[in-house]
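Working through the structure, step by step
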Amino acid sequence: MIWIGLGTNQGDRVGYMVQAVQEIQKYGYHLCQLSSLYETAPWGIEDQPSLLNAVAILEKKEDPLVLLDDLLEIEKEMGRIRVQKWGPRIIDLDIIELQGEKWDHPRLKLPHPFAHTRSLDLAPMAELAPDYCLGKQEKTVQEWLKELPEQSFTLHQDTSWAQAQRTIRNRS
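A few points on the structure. Keep in mind that what you see is a predicted model, and the values were worked out from it rather than measured. (Residues numbered from 1 in each chain as written. Predicted model: local features only at pLDDT ≥ 70, side-chain atom pairs only at ≥ 80, totals over all residues. Heavy atoms only, no water.)

**Structural notes on the pairing of strand 1 (residues 2–8)**
Every other side chain in a regular strand lies on the same face of the sheet, so the side chains alternate between the two faces. For clarity, the threshold we go by: Accessibility here uses a 1.4 Å probe with only protein chains present; expressed as a share of the type maximum, an area under 20% marks a residue as buried, one over 50% as exposed, and anything in between as partly exposed. Helix and strand assignments come from DSSP, with helices taken as H or I runs of at least 4 residues and strands as E runs of at least 2, each series counted from the N terminus. A pair of strands is treated as paired once DSSP finds two or more bridges between them.
Across the seven residues that make up strand 1, a large majority, seven, are buried. Residues Ile2, Ile4, Leu6 and Thr8 of strand 1 are buried on one face, and the alternating residues Trp3, Gly5 and Gly7, pointing to the opposite face, are buried as well. Both strand 1 and strand 5 (residues 92–98) contribute to a ladder of six bridges, which runs antiparallel. Looking at the pairing, Trp3 lines up with Glu97 of strand 5.

**Digging into the pattern of salt bridges**
When the charged atoms of two side chains with opposite charge come close together, those side chains can pair. Rules: Here, a salt bridge means any Lys or Arg side-chain nitrogen found within 4 Å of an Asp or Glu carboxyl oxygen.
Within the structure shown, the criterion is met by 11 salt bridges. Linking Arg89 and Asp92 is a salt bridge whose minimum nitrogen-to-oxygen distance equals 3.3 Å. Assigned by exposure class, Arg89 and Asp92 land together as buried. Through salt bridges with shared partners, one network takes in Glu75, Arg80, Arg82, Arg89 and Asp92.

**Examining unusual backbone geometry**
A cis amide bond, omega -5°, links Leu110 with the succeeding residue Pro111. Position of Pro111 among the secondary structure elements: in the loop between strand 7 (108–110) and helix 3 (119–128). Of note, Gln99 is a non-glycine position whose phi angle comes to about 50°, a positive value. Tracing the backbone through its elements, the reader meets Gln99 in the loop between strand 5 and strand 6 (103–105).

**A closer look at the side chain of Glu39**
Short version of the rule: Polar contacts here mean pairs of N or O atoms no more than 3.5 Å apart (in protein, one a potential hydrogen donor and the other a potential acceptor; neighbouring residues in sequence count only if both atoms are side-chain atoms). Contact definition: two residues touch when any of their heavy atoms are within 4.5 Å.
The residue Glu39 is located in strand 3 (residues 37–40) in this model. The exposure class of Glu39 is buried, given its relative accessible area of 18%. A polar atom in the side chain of Glu39 sits 2.9 Å from the side chain of Arg13. In this structure the side chain of Glu39 is engaged in a polar contact, spanning 3.3 Å, whose partner is the side chain of His156. Here Glu39 is in contact with Arg13, Ser50, Leu51, Leu52, Ser152, Phe153, Thr154 and His156, once residues within four sequence places are set aside.

**Points about the environment of Leu155**
You can see Leu155 is positioned in strand 8 (residues 153–156). When its relative accessible area of 46% is taken as the criterion, Leu155 is described as partly exposed. Along the backbone, Leu155 and Ser36 are 119 residues apart, and their C-alpha atoms lie at a distance of 7.2 Å. If near-sequence neighbours (up to four positions away) are discounted, Leu155 is found in contact with Ser36, Leu37 and Tyr38.

**Some details on the packing of helix 1 (residues 13–26) against helix 5 (residues 159–171)**
What counts, and what does not: Orientation is described by axes fitted as lines to C-alpha atoms, over the contacting stretch for helices, and by angles from 0 to 180 degrees between their N-to-C directions. In what follows, roughly perpendicular refers to angles from 65 to 115 degrees, roughly parallel to angles under 35, roughly antiparallel to angles over 145, and oblique to any angle outside these ranges. When the near helix sits turned anticlockwise from the far one by under a right angle, the crossing is termed left-handed; a clockwise turn instead gives a right-handed crossing.
Axis separation between helix 1 and helix 5 bottoms out at 9 Å; the angle between their running directions is 20°. With respect to helix 5, the axis of helix 1 lies roughly parallel. Both helix 1 and helix 5 take part in a crossing whose hand is left-handed. Across the interface between the two elements, Val14, Met17, Val18, Val21 and Gln25 of helix 1 pack against Ser160, Trp161, Ile168 and Arg171 of helix 5.

**Quick word on helix 3**
Most of helix 3 is tucked away, with nine of its 10 residues classed as buried. If you check which residues of helix 3 are buried, you get Ser119, Leu120, Asp121, Leu122, Ala123, Pro124, Met125, Ala126 and Leu128.

Structure, rendered in structure tokens:
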């Protein structure tokens, strides 16, 4: 099971999220599940628009660095320009966890080192698998989410995203 975080806070946010899902599939990854969309407070740099976030669960065993390169290429193809770390972005695709593996590589740390501290990852993960233990730790994603100082997220309803979710469910 590969957990991917998706996020955006610029332009047609829902459109970018739907496009990212389509691009991931074009790269040959099978999406097993797709969370709802969540509106979350910005993380890292607070003086920017709120984020729209979701998580996807993928199947396709790849070398994690190949997966990372694919996700970075998708971001680039969609027009992401990295100007400021944690700054505004058209799209952000993060590997949150890859089948419970631990990685400590200069380009990639798994599980994602901040995932257990961010509602932007935990809220959508808790929707799909509340009892999942991130990084094979003893706490579940639901427990990590409850421990956050602020529950700064809300469900974001959108028909085109709901259609993308239905398409994923029908294929699984």
